[in-house]
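Now for the letters of each chain:
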Amino acid sequence: MIGRTIVLLLLIIVLSIGGIVWFDFLNIIDAKDLLAPVMRFLPFIPGETRTQTTLGDDELINLDAERLAVRLEALQLRNMEIDTQKRDLEILHGEILQMAQVLEDRQSALDDRENSLRAQALDAENKDRNVEQNARYLTGMPPQSAVNIIAALDDQDAIDVIRKTEEIAQAEGTASIVSYWFSLMNPDRAAELQRKMAGRPTSL
């Protein structure tokens, strides 16, 4: 038993030393100092099982230069990307300004249109008020005098006064004097006004 134990221990030691030598040969570990006493008795193992490569000053300078070149290239790419983004932003800013100008022009046109419609509405309101006032004046006058005035008006003005007179009579629930005006008016003039009123209910 003691002999077997000694043999196993020696076998383990030999295998351990062989493994260390092999790992050192493969540059996995650095066991040169540890194996130096053993290598003296093992002539088949080269004295230097592992060599470390050392860089000279020129190689270090070249390595630093390569790193610097890589950084410069990265900076150049970054600057190119920034320039591209800047151009895109400038284009977008120009488009936004153009759109803003278009919207401003449209808003100005809408404001002008609104002001024009308000002016037209005000003119129409003033005209309607004037027509109503004239209709009331004519209704209060002697019929023949009113007919003479209506006959002298333009066709559209005469029609507006006649229609407003009928509207006032309907609103107040009184008899309209328009038919009596037509009976006193020149037949040709009366027929012309009635024809235009029938053909164009609201305007000439």
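Residues numbered from 1 in each chain as written. Predicted model: local features only at pLDDT ≥ 70, side-chain atom pairs only at ≥ 80, totals over all residues. Heavy atoms only, no water.

A. Helix 7 (residues 187-199), seen in detail. Its 13 residues give helix 7 an end-to-end C-alpha distance of 18 Å, which sits within 8% of 18 Å, the value for a rise of 1.5 Å per residue. Within the sequence span of helix 7, burial applies to Arg 189, Ala 190, Leu 193, Lys 196 and Met 197. Angularly, the buried residues of helix 7 cover 135 degrees about the axis, an arc narrow enough to put them on a single face. Summarising the geometry of helix 7, the exposed residues directed more than 90 degrees from the buried face are Pro 187, Asp 188, Arg 195, Ala 198 and Gly 199. Near the N-terminus of helix 7, the side chain that reaches the backbone nitrogen of Asp 188, with its oxygen 2.9 Å away, is that of Asn 186. (Helix = DSSP H or I, 4+ residues; strand = E, 2+ residues; numbered from the N terminus. Expected span 1.5 Å × (residues − 1). Buried < 20%, exposed > 50% of the residue type's maximum accessible area, 1.4 Å probe, protein only. Arc of directions from axis to C-beta. Polar contact = N/O pair within 3.5 Å; in protein donor to acceptor, adjacent residues only side chain to side chain.)

B. Quick look at a nonpolar patch on the surface. Side chains of Trp 22, Phe 23, Phe 25, Leu 26 and Ile 29 sit close together on the surface and give an oily, nonpolar patch of about 500 Å² of accessible area. By the secondary structure assignment, Phe 25 is in helix 1 (residues 2-25). (Patch = residues over 30% accessible without salt bridge, like charges linked within 9 Å, V, L, I, M, F, W, Y side chains within 5 Å. Areas by Shrake-Rupley, 256 points an atom, 1.4 Å probe, with all protein chains shown as cover. Salt bridge = Lys/Arg side-chain N within 4 Å of Asp/Glu carboxyl O.)

C. Structural context of the packing of helix 5 (residues 155-172) against helix 7. At their nearest, the axes of helix 5 and helix 7 sit 10 Å apart, and the two run at 75 degrees to each other. Viewed along their axes, helix 5 and helix 7 adopt a mutual orientation that is roughly perpendicular. Here helix 5 contributes Asp 155, Ala 158, Ile 159, Ile 162 and Arg 163 to the contact with helix 7, which in turn contributes Arg 189, Leu 193, Lys 196 and Met 197. (Axes fitted to C-alpha atoms, helices over the stretch in contact; angles between N-to-C directions. Parallel < 35°, antiparallel > 145°, perpendicular 65-115°, else oblique. Contact = heavy atoms within 4.5 Å.)

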